[in-house]
Amino acid sequence: MNTLYFDDVTVGQQIAAIDKGTITTTHIMRWSAAIENFHRIHYDQAFATGHDKLPGVLINGSWKQHILIQMIKDGLGPGGWVWKLNFRYKKMDIAGDAVRGTAKVTGKQEAGGLGFVTLTVQLVNQHGEVSTAGTAIGVLPLRGGKEVPYPFVEAPEYASVQMPVDE
Amino acid sequence: MSDSQANYDRYIGMTGEPKVAHMPLERDTLRRFTQAIMDPDPLYHDDQAAAASRFGQVVAPPLYPAHAYRTPAGAADPFEVFSQNPDSDGTAGNEGMLYGLPEIQSPYKRLLNGGNELTFYRALAVGERCVVTPRYADVKLKEGKNGFILLVVVETTFRTEKGEMLLVNRQTLIWR
């Protein structure tokens, strides 16, 4: 993956997308087992629909947040940094739904010798309905500038970089 | 029903004891985690790629620390609950999001997730343990047209054992 520079990003540009395809009960079970969350709404169809009156086995919100982060991380590339992410769940996804996402640039600002891009991010299902939405701030190097520091410790120069208000 | 902010002021700023994860980050745990989120990024498994990166070593995805707290070996099996109640929802043993903070006493029973605000500083590396400190950043009673709602901001700060910041997660819980 090539380094993405702040100079090459434009407001309105879609800088990232992700497509996990159709998520089955098996995907959900693998995630639930990986994090040892045994809540039955995530794998027990009878419990989810009968006991909890849900439309199906739920795709974990805890899983979807990592998909958002993964998308932004990959979009910013190896020289970038996912600094801040605010998000909310808007709609439930159930087994059989597709999970896709996009990230678009809404603003650009230089501070402390680094480039900061504000983003709107969302995950949608196969019908285009938004299940998860938020805003993010990514950090990118300036062409010919310094690398984004790691760890990314907050500095007073970054105080002017503000998260856009969530619509 | 009447209620007042004075019933909740004592929670604001309340901070829990730092909790050290039971286990350091292990490669196989990391493999299962990254396979489950379907992220093939070599930084999560490939020593050479990781060594050449800013991380210098294999690391976990940014928000992994939020899942680092699980039932430790030797603890009572949380599934014992099923012998008493076969209809248990399976959440026994989950750490939840309070990490030892006392639950807020209120008459509100319905819980909605009002969103998360994450700030990332550093990734957890293989072999490192994370330490979480939970805090009630804010507790606000509001009166809406359908009665009271209680907005609770739980701020969990994850650090390395050396005290380096990993991430902060501010989660808003809406009780009504």
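A closer look at the overall build of chain B
So, point 1. In terms of regular secondary structure, chain B is built from three helices and five strands.
So, point 2. For chain B, the succession of helices and strands along the chain, N to C, is β-α-α-α-β-β-β-β.
So, point 3. Along the longest, intermediate and shortest principal axes, the C-alpha atoms of chain B span 60 × 40 × 30 Å.
So, point 4. Burial analysis of chain B (176 residues in total) assigns 27% to the buried set.
So, point 5. Within chain B, contacts between residues at least 6 apart in sequence are counted, and of these 70% link residues at least 24 apart.

Quick word on the packing of helix H1 (residues 25-34) of chain A against helix H1 (residues 27-36) of chain B
So, point 1. Between H1(A) and H1(B), the least distance of the axes is 9 Å, while the angle of their chain directions is 150°. Here H1(A) lies roughly antiparallel to H1(B), going by the angle between them. Where H1(A) crosses over H1(B), the handedness of that crossing is left-handed. For the pair H1(A) and H1(B), contact is made by Arg30(A), Trp31(A) and Ala34(A) and by Arg32(B), Phe33(B) and Ala36(B), respectively.
So, point 2. Looking at the contact of H1(A) with H1(B) residue by residue, the class counts come to four nonpolar, no polar and two charged.

Side note on the confidence of the model for chain B
So, point 1. For chain B, mean pLDDT is 94; residues scoring 70 or higher make up 100% of the total.
So, point 2. Confidence metrics for the complex model read pTM 0.95 and ipTM 0.96.

Quick notes on the rules
Residues numbered from 1 in each chain as written. Chains lettered and ligands numbered in written order. Predicted model: local features only at pLDDT ≥ 70, side-chain atom pairs only at ≥ 80, totals over all residues. Helix = DSSP H or I, 4+ residues; strand = E, 2+ residues; numbered from the N terminus. Buried ≥ 20, exposed ≤ 12 C-beta atoms within 10 Å, placed from the backbone. Contact = placed C-beta atoms within 7 Å. Axes fitted to C-alpha atoms, helices over the stretch in contact; angles between N-to-C directions. Parallel < 35°, antiparallel > 145°, perpendicular 65-115°, else oblique. Left-handed = near helix turned anticlockwise from the far one by under 90°. Nonpolar A, V, L, I, M, F, W, Y, C, P; charged D, E, K, R; others polar. pLDDT = per-residue confidence, 0-100.

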